[in-house]
Amino acid sequence: MDIFKYVDEVVDYYETIQYKYKNIAHDLKHMMEDVVCKNSEYTLNVSYRVKEPESVREKLIRNSYYRLHTTKEEIVANIQDIIGLRIECKFNDDEAYVYSLMLKLFNKTDDQIFYYNEKFPKMRFKLNEKQPAKQKNGFDIYKVDARYEDHKGEEDEVRVNFEVQIKSMVNMFWGDIEHKIIYKNPSYFMVEQQVIENMVSIKENLNLVDHQLHVLYKRYKRDNSSKLHYRKENIQNIISKLIHDTIARKMKNDLGFVVQFKDSCDSIVDYIFIVNNAAQMEDYGRVMTEMFYITGTMTGEEINFRESLQLEHEFDTGDPFIDTVGTTIQKLMNVDFNWHLYCMILFELERGSKIDALETFIRYYKGRLTANSGLHRLEEVFPAETAKKIKADLLSEMGYVFRRHADITLLHEDGIVEMTRALKKTVANIIKDNPDWNKEKSIYFLYLNNSVNLETRN
């Protein structure tokens, strides 16, 4: 068809000038940061995207731009969201605050249509339209049409349309998944009504989560720092219970019974918060929202507890501790249900490569075992090379201790404390005895093994 030939020509033209839009988008981001972010009482972030050629092609056909404009230059120039900026805030209520801030900051106009800030006249926004706007799905969104103008001279005048969205963390999560499942679904009209209803239910739950998070955030922000550890612990308990209850319902439906796995949930949640660098309450809110999002999507998915778990390849990192522990878990996860359940939950929360998720977890686990073990004290007694050798040998032996016990409690808090205690005692004895390491290390390996005393909780 001639339509597709013409669309191809427009897309080819766009590819030759896309870099200009990327440069403009980069400038817009920095200008928005200078105007909006610096004047906000809340922490904001600005991100941007420039439409890819294939996305432009789809939009041209979907919206019949070729019928509205005569030249390829006009067509590209009139795509409103060819550049998209997103002002990212924490909570849904913050979206209204950001928009009101824009009304305050962009208060100059030449035509009563586009408004600008006198320090940055290149950015002009349509701020006289009703906000938030109503989307086709029935939900609200703060979406502002805008224009970039650079008056270098009449012949060199640059005008580029762009779009600004204001989104909270929850609405960013929701928008991404809805875009993939509904908007970008080639079988849109075949999507079951139940799926759409589930999506609406998830959105409503996310809004509830946002409200609860905002209440918690404002409450914790008022509290003094002496209560911070207690508050963080409460948040982790909430997340652990949410994951536990979600998995427990799935297990009951699939297997007809539920095993005790609270300690495993607590262990994984500890890991999730640490590996995501959650140090301040703001970070805890971010990770908490992500966990609510993931468990929300799990609610609408089927989980087969009988299905074997497969890693993409064997462990071969070159680190004896990681390879021994990784290989041990890889063997246990399909022969012991407690190990199977632990890994299944980990993989559900850390979606992507299973081998990468497990390796990252084991590196975290290794760090937990060694953090308070006193290994650094070896350098005070032994030459540097000898101390390094003793550390490496002890960590390698710790991997074998893990393999010999092969109990799920090794990954729980009590198990980590017990393993660390045994390692710390062994290090203390080595420092006290000052042995000839190469000749006598087997004695200390035996002591390390005998020092670990795990009590399995049923």
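Placed above this text is the structure.
Residues numbered from 1 in each chain as written. Predicted model: local features only at pLDDT ≥ 70, side-chain atom pairs only at ≥ 80, totals over all residues. Heavy atoms only, no water.

J.: Just to check I follow, could you spell out the nonpolar core for this structure?
T.: In a soluble, globular protein the nonpolar side chains are often hidden away together inside. Ranked by internal contacts, the top residues of the largest apolar core, which has 86 residues, are Ile247 and Tyr365. Among the elements that take part in this core, helix 12 (residues 337-349) stands out by supplying 9 residues, more than any other. Other than its neighbours up to four places away in sequence, tyrosine 365 contacts Phe321, Phe402, Leu410, Leu411, Ile416 and Met419. (Core = buried A, V, L, I, M, F, W, Y, C linked by side-chain atoms within 4.5 Å. Buried < 20%, exposed > 50% of the residue type's maximum accessible area, 1.4 Å probe, protein only. Helix = DSSP H or I, 4+ residues; strand = E, 2+ residues; numbered from the N terminus. Contact = heavy atoms within 4.5 Å.)

J.: Hey, could you run me through the packing of aromatic side chains in this one?
T.: Between two aromatic rings, the relevant description is the distance of the centres plus the angle of the planes. Summed over all chains, the structure comprises 15 aromatic pairs. Pairing phenylalanine 106 with phenylalanine 125 gives two aromatic rings, centres 4.5 Å apart and planes at 55°, and the pair type is tilted. Here phenylalanine 125 lies in strand 5 (residues 120-126) and phenylalanine 106 lies in the loop between helix 5 (92-105) and strand 3 (108-109), a separation of 19 residues in the sequence. For phenylalanine 106, a relative accessible area of 1% puts it in the buried group. Since its relative accessible area comes to 0%, phenylalanine 125 is described here as buried. Three or more aromatic residues link up through ring pairs in this structure, and these residues are Tyr271, Phe321, Trp339, Tyr342, Phe361, Tyr364, Tyr365 and Phe402. Of note, arginine 124 hangs over the ring of tyrosine 116, and the distance from its end group to the ring centre comes to 4.1 Å. The ring of phenylalanine 114 carries arginine 147 above its face, with NZ or CZ at 4.2 Å from the centroid. (Phe/Tyr/Trp six-rings, centres within 6.5 Å; stacked < 30°, edge-to-face > 60°. Lys NZ or Arg CZ within 6 Å of the ring centre and 35° of its normal.)

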